[in-house]
Amino acid sequence: MAEPESLRCSSVRNRGGVQRVEGKLRASVEKGDYYEAHQMYRTLFFRYMSQGKHAEARELMYNGALLFFSYNQQNSAADLSMLVLEVLEKSDTKVEDEILENLAKLFSLMDPNSPERVAFVSRALKWSTGGSGKLGHPKLHQLLAVILWKEQNYSESRYHFLHSSDGEGCAQMLVEYSSSRGYRSEVDMFVAQAVLQFLCLKNKNSASVVFSTYTEKHPSIERGPPFVQPLLNFIWFLLLAVEGGKLTVFTVLCEQYQPSLKRDPMYNEYLDRIGQLFFGVPPKQSPSYGGLLGNLLNSLMGSGEEDDVAEEAHEDSSPIELD
């Protein structure tokens, strides 16, 4: 019993010390001594890290970043946000919802047009999957998607929704995206692309949820199935075919709906991949598309490098012409 008690006392002392330091730093910021306060935060960061006090360093940098953000000191706040990530990268901190929410909070406060924000989100996503080749933790992607949705940055929001498990949220965002930025004639294309991309990522559940939610909630879509728009009927049948797994059904379906599928040259590329994943279709010897389309498809399938995540988010894969 003595050892746990001593550990608790030590933790209380450490927390008290952090609070006292934070009080002094806050006073400096409130007086407008931003540069001095920023340098002191950095000094304390390296001191705590050298002493192995990772939790204290992370807490101090996180609260400091929030403080600088509240005074619109974007550069100092962004720098301390990066130090939060450095603690996570150099310690054995487990991925937990609270930490992911803290990272999303910092992201939400950064200037949307700053290069620091792009670098921050790339490193955060990489850390969230242990530096593996995966494209980031689904929960973090979902949090980022919601933030970008609120900013009306629909194309990047959709990118992050695709790598989350939130099909319902993605559908609601797409309804708003279509209604505010799209043409009425393209209402079916918004959801078709999302469903095909979810299937390319082997996420059948989210593909079904995004389709059912979108077609139910979109004000310009009459209740179905069947639907007035042939492309929506194709997607409906495709989801049923994926569950059944019969190649002949898939083949006939793609042949019958070629007029609709020709509306976007990427549809058949996605369907080639879906055929491989769910119907045992052998891959083509060489891709028919290169350049941007080829890079897009590769990134969607998860073969791109993790550091390209933020850059790929800017390469909106939408075939829809928007003003």
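What you are looking at is a predicted structure, and each value in this text was computed from that prediction instead of being measured. The residue numbering used here restarts from 1 in each chain and proceeds along that chain's sequence as written. Whole-chain, interface and lining totals are the exception, using all residues; otherwise, since this is a predicted model, local features are given only for residues with pLDDT of at least 70 and side-chain atom pairs are given and counted only at 80 or more. With hydrogens and water excluded, all non-hydrogen atoms of the structure serve as input to the side-chain values.

Enquirer: Please explain the overall build of the protein chain as it appears in this structure.
Expert: To qualify as a helix, a DSSP run of H or I must reach at least 4 residues; to qualify as a strand, a run of E must reach at least 2; elements of each kind are numbered from the N terminus. Helix and strand counts for the protein chain come out as 17 helices and 0 strands. The buried share of the protein chain, taken over its 323 residues, is 46%. Pairs at least 24 apart in sequence give 65% of the contacts found in the protein chain among residues at least 6 apart. Note on classification: 1.4 Å probe, protein chains only; a residue is buried when its accessible area is under 20% of the maximum for its type, exposed when over 50%, partly exposed between these limits. Working rule for contacts: check all heavy atoms of both residues, and any pair within 4.5 Å makes them a contact.

Enquirer: Teacher, can you tell me more about the confidence of the model for the protein chain here?
Expert: Predicted coordinates in areas of low pLDDT are best not read in detail. As a per-residue measure, pLDDT reflects the predictor's confidence and takes values from 0 up to 100. With 82% of its residues at a pLDDT of 70 or more, the protein chain shows a mean pLDDT of 87. Every residue in residues 303-323 is under pLDDT 50, and counting partners more than four places away or in other chains gives 52 contacts.

Enquirer: What's the story with unusual backbone geometry in this structure? I'm lost.
Expert: Peptide bonds are mostly trans, and most non-glycine residues show a negative phi. The step from G224 to P225 runs through a cis peptide bond, and the omega angle for that step is 0 degrees. Summarising the element assignment, P225 is placed in the loop between α11 (204-217) and α12 (230-244). One non-glycine residue, N72, adopts positive backbone phi at about 60 degrees. Along the chain, the position of N72 falls in the loop between α3 (54-70) and α4 (74-90). On the basis of relative accessibility, which here comes to 57%, the residue N72 falls in the exposed class. Positive phi, close to 60 degrees, is recorded for Q152, a residue that is not glycine. Relative to the helices and strands, Q152 resides in the loop between α7 (138-150) and α8 (154-162). Residue Q152 is classed as partly exposed on the basis of its relative accessible area, which comes to 45%.

Enquirer: For this particular structure, what's the right way to read the nonpolar core?
Expert: Ranked by internal contacts, the top residues of the largest apolar core, which has 48 residues, are V195, L199, Y214, F234, L238, L271 and I274. For this core, the elements supplying multiple residues, two or more each, are α7, α8, α9 (167-181), α10 (187-200), α11, α12, α13 (247-256) and α15 (266-279). The dominant element in this core, judged by the number of residues it contributes, is α10, at 11 residues. Excluding residues that lie within four positions of it along the chain, L199 makes contacts with K204, A207, L238, L239, V242, I274, L277 and F278. Among the buried residues, those of types Ala, Val, Leu, Ile, Met, Phe, Trp, Tyr and Cys that are joined through side-chain atoms within 4.5 Å form a nonpolar core. Among the nonpolar cores identified, the runner-up in size contains 42 residues, and A77, M82, L83 and L85 belong to it.

Enquirer: Could you clarify how one ought to interpret the environment of F69 in this entry?
Expert: When you line up the elements, F69 lands in helix α3. Those residues in contact with F69 that sit more than four places away from it in its chain are Q74, A77, A78, S81, L106, L109 and M110.

Enquirer: Sorry if this is basic, but what is going on with the side chain of N203 here?
Expert: Position of N203 among the secondary structure elements: in the loop between α10 and α11. Among the residues examined, N203 registers a relative accessible area of 16% and is labelled buried. Setting aside chain neighbours within four positions, we find N203 in contact with S164, S165 and F198.

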